[in-house]
Amino acid sequence: MSRINIKKLIELIVTEVINELEKRGYEITFEENTGANKNNSYEFDMSAFKTPVLTENMILQADKNLSEIIIPKGTVITPGAKDLINKRRIRTIYKQTE
């Protein structure tokens, strides 16, 4: 019995679907997700901090299904927070402060 990697299988299916849609006259465009899905995104308000610090506890209190966080540029991320970000594969966006 042959095995196929699920990621490869998904790539093959998507390629075939896109090819078929293009044959039928559909224009396919690709857009980068820039945090438009606000349900899984959380922006930390650290305006009260002289030097913002992101802790593991802050992430845990935000949301269990978090996929993206927005923090001020220059924020110090504690080792525990880094581990959690890596473990959950949370995308980190650094926002320029005013």
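Relevant structure appears above.
From a predicted model like this one, the values you see are computed outputs, not experimental measurements. (Residues numbered from 1 in each chain as written. Predicted model: local features only at pLDDT ≥ 70, side-chain atom pairs only at ≥ 80, totals over all residues. Heavy atoms only, no water.)

Aromatic ring pairs are reported here in terms of the distance separating the ring centres and the angle at which the planes meet. Enumeration according to the criterion identifies one aromatic pair in this entry. Between Tyr42 and Phe44 the ring centres are 4.8 Å apart and the planes differ by 70°, which places this aromatic pair in the edge-to-face class. Judged by relative accessible area, which is 35%, Tyr42 ranks as partly exposed. Judged by its relative accessible area of 8%, Phe44 falls in the buried class. (Phe/Tyr/Trp six-rings, centres within 6.5 Å; stacked < 30°, edge-to-face > 60°. Buried < 20%, exposed > 50% of the residue type's maximum accessible area, 1.4 Å probe, protein only.)

We now examine the environment of Ile4. Topologically, Ile4 is positioned in the segment before helix H1 (6-23). With relative accessibility at 52%, the residue Ile4 sits in the exposed group. If sequence neighbours within four positions are ignored, Ile4 has contacts with Leu9 and Leu12. (Helix = DSSP H or I, 4+ residues; strand = E, 2+ residues; numbered from the N terminus. Contact = heavy atoms within 4.5 Å.)

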